[in-house]
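Inside the fold
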Amino acid sequence: MESALYFGTLRHRRFRPVPHEFHYNLFMAFLDIDRIPEVMSRSLFSSYNRTNWASFQQRDHFGDPRQSLRQRLMEDAAAQGITLPTGPIFLLTHLRYLGYNFNPISLFYCFDSKGTVTAILAEVNSTFGERHNYWLSSANQMEAHNSLRFKCPKAMHVSPFLGMDLSYDFALTPPNDHLVAHMSTIDDATATDGALFDATLTLERRPWTAPELRRGLLRHPWMTAKVIGAIHWQALRLYRKGVPVYSHPAKLHAQAEDTRRKTVAKDA
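Residues numbered from 1 in each chain as written. Predicted model: local features only at pLDDT ≥ 70, side-chain atom pairs only at ≥ 80, totals over all residues. Heavy atoms only, no water.

**A closer look at the packing of aromatic side chains**
- For the coordinates displayed, the defined rule picks out twelve aromatic pairs.
- Centre to centre, the rings of Phe30 and Phe90 are 4.9 Å apart; their planes meet at 10°, and the pair counts as stacked. Of this pair, Phe30 sits in strand S2 (residues 20–32) while Phe90 is found in strand S5 (residues 89–93), placing the two residues 60 residues apart along the sequence.
- Taking the relative accessible area as the measure of exposure, Phe30 reaches 0% and is therefore buried.
- Sitting over the face of the ring of Phe7, Arg215 holds its NZ or CZ atom 4.4 Å from the ring centroid. (Phe/Tyr/Trp six-rings, centres within 6.5 Å; stacked < 30°, edge-to-face > 60°. Helix = DSSP H or I, 4+ residues; strand = E, 2+ residues; numbered from the N terminus. Buried < 20%, exposed > 50% of the residue type's maximum accessible area, 1.4 Å probe, protein only. Lys NZ or Arg CZ within 6 Å of the ring centre and 35° of its normal.)

Below is the structure:
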């Protein structure tokens with residue numbers, strides 16, 4: 001398997017308390033993490049660790065950018081009691097475009113020596129500047145016929161229109177000629193009502209060549225700016241529809257702590 005580009009669509013659907021749905025076209029990079037400098041040198045419009053129309057910068061992902069991505073993944077996996085396979089690792093992500101990067105989710109596909117995906121890391125970023133890694137492995141894998149399916153509790157506030165007492169249900173196909181990455185947000189207390197929200201990437205593979213990268217850049221010249229713009233535009237639409245807003249847990253904690261201090265001071 002080689003590094004590639006994936007072109008396709010992103011679909012978001014909200015089912016409750018009011019329906020809301022949208023689609024966007026996009027393209028993403030699919031990178032062998034051990035060969036990123038070489039891959040990024042194949043076009044005049046792409047670079048490694050320096051600004052270009054498209055660039056990969058180590059600081060855009062979790063951990064110490066002075067370490068290799070493989071080392072960071074091994075350490076993070078070990079902290080969760082997961083042993084990474086010895087095969088290649090590929091990263092599905094947005095690059096940095098014209099100096100700007102934002103990745104709602106990046107997926108690290110970890111292969112064993114036989115070419116089978118045995119673990120996946122979902123690196124999730126929020127518009128609040130926070131990041132959380134969700135490891136998808138045999139520890140939280142569920143039975144599925146046509147995909148790799150995993151379930152894990154939500155651990156980070158991402159959307160102000162979704163609370164924290166939820167779970168994520170991931171259904172992912174192996175990254176072949178076609179790739180699907182589907183995530184449902186489930187309210188376990190009312191699971192019989194189905195998902196509150198889901199997001200689906202439906203992508204087709206293209207070779208990583210200078211012409212294909214140029215094609216992607218001409219169609220989506222500032223991909224990450226489009227991503228952040230779409231997030232805020234859809235948030236405005238949800239707000240106007242009257243979807244309830246959930247405060248950030250840190251804000252709620254600060255408010256509770258402030259109330260506690262005032263109560264203690266009054267009682268004193």
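Back to the write-up after that little detour.
**Notes on the side chain of Asp187**
- You can see Asp187 is positioned in the loop between strand S13 (178–186) and strand S14 (195–207).
- For Asp187, which is buried and forms no salt bridge, the nearest opposite charge comes from Arg16, at a distance of 5.3 Å. (Lys, Arg positive; Asp, Glu negative; His and termini not counted. Salt bridge = Lys/Arg side-chain N within 4 Å of Asp/Glu carboxyl O.)

**A short note on the environment of Lys151**
- Looking at the element boundaries, Lys151 is found in strand S11 (residues 148–153).
- Under the relative-accessibility criterion, Lys151 is labelled partly exposed at 34%.
- Measuring from C-alpha to C-alpha, the distance between Lys151 and Phe27 comes to 26 Å, with 124 residues separating the pair along the chain.

**Regarding helix H4 (residues 223–240)**
- If you check H4, its first and last C-alpha atoms are 26 Å apart, about what 18 residues at 1.5 Å a residue would give, namely 26 Å.
- Considered for burial, the residues of H4 that qualify are Met223, Thr224, Val227, Ile228, Ala230, Gln234 and Leu238. What you see down the axis of H4 is that its buried residues fit within an arc of 155°, all on one side. The exposed set on the far side of H4, more than 90 degrees from its buried face, consists of Tyr239 and Arg240.
- On its buried side, H4 packs onto strand S1 (4–14), S2 and strand S6 (96–97).
- Backbone geometry just after H4 places Gly242 at a positive phi near 85°. (Expected span 1.5 Å × (residues − 1). Arc of directions from axis to C-beta. Contact = heavy atoms within 4.5 Å.)

**Thoughts on the sheet that holds strand S4 (residues 54–56)**
- Here three strands make up an open sheet; going across it, the order is S3-S4-S6 and the pairing mixed. Pairing within the sheet leaves two strands with one partner each, and these edge strands are strand S3 (46–48) and S6.
- The sheet contact formed by S3 and S4 spans three bridges and is parallel. Residue pairing across strands places Ser46 opposite Ala54, the latter belonging to S4. (Pairing = 2+ DSSP bridges.)

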